[in-house]
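Structural description and commentary
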Amino acid sequence: MKNKNFIFAYIVILLLIAAVVIYRDQLLKDFPIKNRPIEKLPNSFNECIATGLPVQETYPRICVLPNGQSFSEDIGNELEKIDLIRVDSPRPNSNIKNPIVITGKARGLWFFEASFPVSLVDENNLEVTSSTAQAQGNWMTEEFVDFTANLIIPNSFSGKATLILKKDNPSGDSSKDDELIIPVNIFN
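Residues numbered from 1 in each chain as written. Predicted model: local features only at pLDDT ≥ 70, side-chain atom pairs only at ≥ 80, totals over all residues. Heavy atoms only, no water.

**Considerations on the packing of aromatic side chains**
- Taken as a whole, this structure holds 2 aromatic pairs when the rule is applied.
- When the ring of Phe 116 is compared with that of Phe 147, the centres are 5.0 Å apart and the planes differ by 75 degrees; the resulting orientation is edge-to-face. With Phe 116 in strand β7 (residues 115-121) and Phe 147 in strand β9 (residues 144-151), this pair connects stretches of sequence that are 31 residues apart. Exposure class is identical for Phe 116 and Phe 147. Each is buried.
- Through a chain of ring-to-ring contacts, three or more aromatic side chains come together here, namely Phe 111, Phe 116 and Phe 147. (Phe/Tyr/Trp six-rings, centres within 6.5 Å; stacked < 30°, edge-to-face > 60°. Helix = DSSP H or I, 4+ residues; strand = E, 2+ residues; numbered from the N terminus. Buried < 20%, exposed > 50% of the residue type's maximum accessible area, 1.4 Å probe, protein only.)

As structure tokens, then:
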């Protein structure tokens, strides 16, 4: 009886070892080990987090390689423009569907005649669609004013894109141009 139990236990152990060997890559992918070697060094934030490396929960998030190199999440230029324009929705890197409803606040100086242009461009910087954001209050101020805009995306488009909220500049003086850039992911 002892021999049967020993043989059974031996077979179970061999099967477990075989399963680990066969499914090793899948196991490591699903359960990343903090200090395991990285076969190919990442070249971007998204590649870095895909390796299972830790992500610092800062804004923007930062993924750090064991050698100290780091990659920041692309949030556009939101932090640079926070004193001029703030978008509540959609947030950077959001996965969004048609139609896009954009809401936020902008200083009155961002508007002209209570509006400013909004566009969505693809990865090649080609315009996919555009619209106009409308002030939801008195825009003749230097304070923040609520705005809203709607963008209808062609059904044929999906993938990475960039929302561009442009300061309305009727003067034509390029030194007065400004824009907020927000990376997004479109799923139709």
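So much for the structure itself; the text now carries on.
**Observations regarding the sheet that holds strand β5 (residues 95-96)**
- Spatially, the 8 strands line up as an open sheet ordered β4-β6-β9-β8-β7-β10-β11-β5, and their pairing is mixed. In the strand order of this sheet, the two ends are held by β4 (85-89) and β5, each with one partner.
- Two elements, β7 and strand β8 (residues 127-135), share 7 bridges in a ladder whose sense is antiparallel. Within β8, the position partnered with Ser 115 by the bridge is Gln 134. (Pairing = 2+ DSSP bridges.)

**Comments concerning the pairing of strand β6 (residues 100-107)**
- Burial along β6 is one-sided: the face carrying Ile 100, Ile 102, Gly 104 and Ala 106 is buried and the face carrying Val 101, Thr 103, Lys 105 and Arg 107 is not.
- Pairing between β4 and β6: 4 bridges, direction antiparallel. Paired with Ile 85 across the bridge in β6 is Ala 106.
- Bridge count between β6 and β9: 8 bridges; the pairing is antiparallel. In the strand pairing of β9, Ile 102 is matched with Ala 149.

**What to know about the side chain of Ser 94**
- Note on placement: Ser 94 falls in the loop between β4 and β5.
- Looking at Ser 94, its side chain comes within polar contact range of the main-chain oxygen of Arg 91, at 2.6 Å.
- Excluding its chain neighbours within four sequence positions, the residues that come into contact with Ser 94 are Pro 183, Val 184 and Asn 185. (Polar contact = N/O pair within 3.5 Å; in protein donor to acceptor, adjacent residues only side chain to side chain. Contact = heavy atoms within 4.5 Å.)

**Brief notes about the sheet that holds strand β2 (residues 62-64)**
- One open sheet holds the 3 strands; their spatial order is β1-β2-β3, and the pairing between them is antiparallel. Each end of this open sheet is capped by a strand with a single partner; those strands are β1 (55-56) and β3 (70-72).
- Here β2 runs beside β3; their pairing, made up of 3 bridges, is antiparallel. Within the sheet, the bridge partner assigned to Val 64 lies in β3 and is Ser 70.

**Examining the state of the cysteines**
- Tallied over the entire structure, the rule returns 1 disulfide.
- Disulfide pairing is shown between Cys 48 and Cys 63; the S-S distance is 2.1 Å. Sign of the S-S torsion, about -75 degrees for the bond between Cys 48 and Cys 63, identifies this disulfide as left-handed. Highlighted residues: Cys 48 in helix α3 (residues 45-50) and Cys 63 in strand β2, separated in sequence by 15 residues. For the pair Cys 48 and Cys 63, one class covers both residues: buried. (Disulfide = S-S within 2.5 Å.)

Interpretation in functional terms is not warranted from these geometric data alone.
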